[in-house]
Amino acid sequence: MTTIPLQKDRHRAVRWWLVSVAALIALMVLVGGATRLTESGLSIVEWKPVTGSVPPLSEAQWSEALEAYKKIPQYRELNAGMSLHEFKTIFWWEWSHRLLGRFIGVAYLLPFLFFLWRGGLSGDLKRRLWLLFGLGALQGAVGWWMVASGLAERVEVSQYRLATHLSLALLIYAGIVWTVRRLGAQPQVVASARLKATSAVILVVTFVQLYLGALVAGLRAGRVYNTWPDIDGAFIPSAERLWFETPWWRNLFDNVLTVQFEHRMTAYLLFALAVFHAFDAIGARAGRAASGAIWLVAAVSLQAVLGILTLLNEVPIGLALAHQAVAIVVLTLAVVQVERMASRKPAENALASAIAVDAAGVR
């Protein structure tokens, strides 16, 4: 058993590192949400991955940054006459968002290189961690691709690119949560095929809902149709209003009414799936899967309430960020629920069993 404590210590260190990175990504998502809500995302019109980490340090540099901002449509059409003090407010939001992204890159890469140097990472784990690093590097490029969409012909970034940017961030976050769980000592929960399938469907629908939420944010769709449960005077709006754009599929992404409506309907679907899954898990006496399903229902319910309150109050920043924060909680619980019932490789099962035995003091 002498190798098990060593493996356990290495895995504990890797887990704490990944948990810290996941927490930073969650914070990054919230700062990004605040940046969107304050219309700050286009305040920095250049992408300087290294030198951009230093903000303006003199009045001349601040004036230069403001003059660069004045050249884009958002300033001319929405913020003409903005004072330097007002510009600094939106600048700091975007600068903080970008700086946090750089910090996450360093916080991921340096410990990763250290763990690679020390050894002890399995081939499968190394491949997974390299993939996550690659997605993180891609995320930086996607972030600038998103910002660039609002610098020439638009007064805000493309909702398509915003949704892609958020979805990729949450995909990385989910991948880290999954990896942390795989490094734990939890054995696989024995569950029926139906329980496994519904948990997977819930996770997929959660991602769809998060993507739709980003479209809502990108279109500012939460600031219109601020009634519930009706929308545009009815529970289901007229087809003429939902599908007036051509080709028809553009309504799913560009029509403010359609996007908000599909976000609402997906929320109802997610709630129904979570409730069904919870009753199924409880009836099957699925142990930790049942408790996980109950927590998932609670989080989805809270998320729905916050979504309704955010809508009715026309998207105040506090409620909007709380809504976004609970969305991350829902995603976390959905990933954990799928993982606890997913099949483990023989090596993972052996390590989990050995660590559990060692922790119990059995030799």
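Residues numbered from 1 in each chain as written. Predicted model: local features only at pLDDT ≥ 70, side-chain atom pairs only at ≥ 80, totals over all residues. Heavy atoms only, no water.

Draft legend 1. A look at the layout of surface pockets. Its volume calculated, the second largest pocket comes out at about 490 Å³. Lining the second largest pocket are 21 residues; nearest its centre among them are E46, K48, P56, A65 and F91. Among the elements of the structure, α2 (59–69) and α4 (84–118) are those that each provide at least two residues to the lining of the second largest pocket. Looking at the lining of the second largest pocket, its residues break down into 12 nonpolar, 4 polar and 5 charged. (1 Å grid on protein atoms, 1.4 Å probe; cavity = no way out; pocket = protein on both sides within 12 Å on 5 of 7 lines; lining within 4 Å. Points joined across faces, edges and corners; volume = space filled by probe spheres on them. Helix = DSSP H or I, 4+ residues; strand = E, 2+ residues; numbered from the N terminus. Nonpolar A, V, L, I, M, F, W, Y, C, P; charged D, E, K, R; others polar.)

Draft legend 2. Quick peek at the side chain of R181. Secondary-structure assignment places R181 in helix α6 (residues 159–182). In this structure R181 comes out as buried when scored by relative accessible area, which is 12%. A polar atom in the side chain of R181 sits 2.9 Å from the side chain of E339. Residue contacts for R181: discarding those within four places in its chain leaves Q186, R288, V336, E339, R340 and R344. (Buried < 20%, exposed > 50% of the residue type's maximum accessible area, 1.4 Å probe, protein only. Polar contact = N/O pair within 3.5 Å; in protein donor to acceptor, adjacent residues only side chain to side chain. Contact = heavy atoms within 4.5 Å.)

Draft legend 3. Inspection of the packing of aromatic side chains at higher detail. Tallied over the full model, the rule gives 22 aromatic pairs. An angle of 85° between the planes, with centres 5.3 Å apart, marks the rings of W92 and W95 as edge-to-face. Taken together, the residues W92 and W95, both in helix α4 and 3 residues apart, mark about one turn of the helix. On the basis of relative accessible area, W92 is assigned to the partly exposed category, the value being 34%. Cluster of aromatic residues (ring-pair linked, three or more members): W17, Y108, F112, F114, F115, W117, W130 and F133. (Phe/Tyr/Trp six-rings, centres within 6.5 Å; stacked < 30°, edge-to-face > 60°.)

Draft legend 4. View of the pattern of salt bridges. One pass over the structure, following the stated rule, counts 14 salt bridges. Notably, a salt bridge pairs R98 with E94, separated by 2.7 Å at the nearest N-O pair. Residue R98 and its partner E94 are located together in helix α4, separated by 4 residues, close to a single helical turn. Taken as a pair, R98 and E94 share a single burial class, namely buried. Note that D124 and R128 form a salt bridge whose closest N and O atoms lie 3.0 Å from each other. Of this pair, D124 and R128 both sit in helix α5 (residues 123–148), separated by 4 residues, roughly a single helical turn. The class for D124 is partly exposed, based on a relative accessible area of 25%. Sharing partners across several salt bridges, the network here consists of R36, E39, R154, E156 and R220. (Salt bridge = Lys/Arg side-chain N within 4 Å of Asp/Glu carboxyl O.)

Draft legend 5. Spotlight on the nonpolar core. Counting residues in each nonpolar core, the largest one holds 72 residues, and the members touching the most others are W17, L18, Y108, L129, Y173 and I176. Contributing elements (two or more residues each) for this core: α1 (3–37), α4, α5, α6, α7 (193–219), α10 (256–283), α11 (288–312) and α12 (317–341). If we skip the residues at most four places from it in the chain, Y173 touches A22, I25, A26, I328, L331 and T332. Of all hydrophobic cores here, the second largest spans 19 residues; its members include L42, L66, F87 and V147. (Core = buried A, V, L, I, M, F, W, Y, C linked by side-chain atoms within 4.5 Å.)

Draft legend 6. Structural context of the environment of Y108. Here Y108 lies in helix α4. Using a relative accessible area of 6% as the deciding quantity, one classes Y108 as buried. Residues in contact with Y108, not counting those within four places in the same chain, are W17, L18, V21, L129, L132 and F133.

Draft legend 7. Focus on a nonpolar patch on the surface. Residues V106, L110, L113 and W130 make up a contiguous nonpolar surface patch of about 380 Å² in total accessible area. Of the residues forming the nonpolar patch, the biggest block, 3 residues, is contributed by α4. Positionally, W130 belongs in helix α5. Taking relative accessible area as the criterion, W130 reaches 41% and is therefore assigned partly exposed. (Patch = residues over 30% accessible without salt bridge, like charges linked within 9 Å, V, L, I, M, F, W, Y side chains within 5 Å. Areas by Shrake-Rupley, 256 points an atom, 1.4 Å probe, with all protein chains shown as cover.)

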